[in-house]
Amino acid sequence: MENTERRTVKRSPLHHQVMLNRNERERCLASILDTGHKGLRVRVSSPADIAVGHQVEVTSISGDKNDRNGARLSCRVVWESSDREELGLEYLTTEN
């Protein structure tokens, strides 16, 4: 079997539930599969209208139902799997 791995930076496995928010109406539950210094790989629970080029907000889902201030991160979708179940997200930074 041919190795098709294209990433050259070290990745760390991580299994954490998050919500991907594209806008007020388009969001979906996802699980972070791994992370690196440039971004994340996530698996969405159901196909959503989120595609390459879209900007999304990744929100941590806390076990505390009263916690509405989960960690938030802005990312851009840079790749998607053919079945649209996995997405590659690149961190967006704000520079002054």
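Preceding this section is the structure that the text describes.
All values derive from a computational prediction rather than experimental measurement. Here, residues in each chain are numbered from 1, in the same order as that chain's written sequence. Totals for whole chains, interfaces and linings use every residue, but because this is a predicted model, local features are given only for residues with pLDDT of at least 70 and side-chain atom pairs only at 80 or more, for both listing and counting. To obtain the side-chain values, all non-hydrogen atoms of the structure were used and water was disregarded.

Type-normalised accessible area, obtained with a 1.4 Å probe on protein chains alone, sets the label of each residue: buried when under 20%, exposed when over 50%, and partly exposed for intermediate values. Going along the chain from the N terminus, every DSSP run of H or I of four or more residues is numbered as a helix, and every run of E of two or more is numbered as a strand. Among the six residues in strand β3 (residues 39-44), five count as buried, and that is most of the element. Two strands pair if DSSP finds at least two bridges between them. By the bridge criterion, five bridges tie strand β2 (residues 27-35) to β3 in an arrangement that is antiparallel. Of the residues in β3, the one forming a bridge with Ile32 is Val42. Connecting the antiparallel pair β2 and β3 is a turn made up of three residues. By the bridge criterion, five bridges tie β3 to strand β6 (residues 86-91) in an arrangement that is antiparallel. Each residue of the ladder has a partner; that of Val42, found in β6, is Leu87.

Moving on, we get to empty space enclosed by the protein. Cavities and pockets are defined on a 1 Å grid built over the protein atoms alone: a cavity is a set of grid points where a 1.4 Å probe fits but cannot escape, while a pocket is an open set with protein on both sides within 12 Å along at least five of seven lines, and lining residues are those with an atom within 4 Å of any such point. Grid points are joined across faces, edges and corners, and a volume is the space filled by probe spheres set on the points. Scanning the entire structure with this criterion turns up one cavity of 30 Å³ or more. A volume near 40 Å³ is recorded for the largest cavity. Along its surface, the largest cavity is lined by Cys28, Val44, Ala48, Ile50, Arg84 and Leu87. Of the residues contributing to the lining of the largest cavity, the split by class is five nonpolar, no polar and one charged. Any residue that is not Ala, Val, Leu, Ile, Met, Phe, Trp, Tyr, Cys, Pro, Asp, Glu, Lys or Arg is counted as polar, Gly included; the first ten are nonpolar and the last four charged.

With respect to the helices, strands and loops of the structure, Val42 is situated in strand β3. Assessed through its relative accessible area of 0%, Val42 is described here as buried. Between the alpha carbons of Val42 and Ile32 there is a distance of 4.4 Å; along the sequence they are 10 residues apart.

Where strand β1 (residues 12-21) and β2 come together, eight bridges link them in antiparallel fashion. Its bridge partner being in β2, Met19 is matched across the sheet by Leu29. In textbook terms, the turn of a hairpin is the stretch between consecutive antiparallel strands, and for β1 and β2 this stretch comprises five residues. The pairing of β1 with strand β4 (residues 55-60) spans four bridges and is classified as antiparallel. Bridge pairing in β4 links Asn21 to Glu57.

In short, the description is geometric, and any link to function would need to be established separately.
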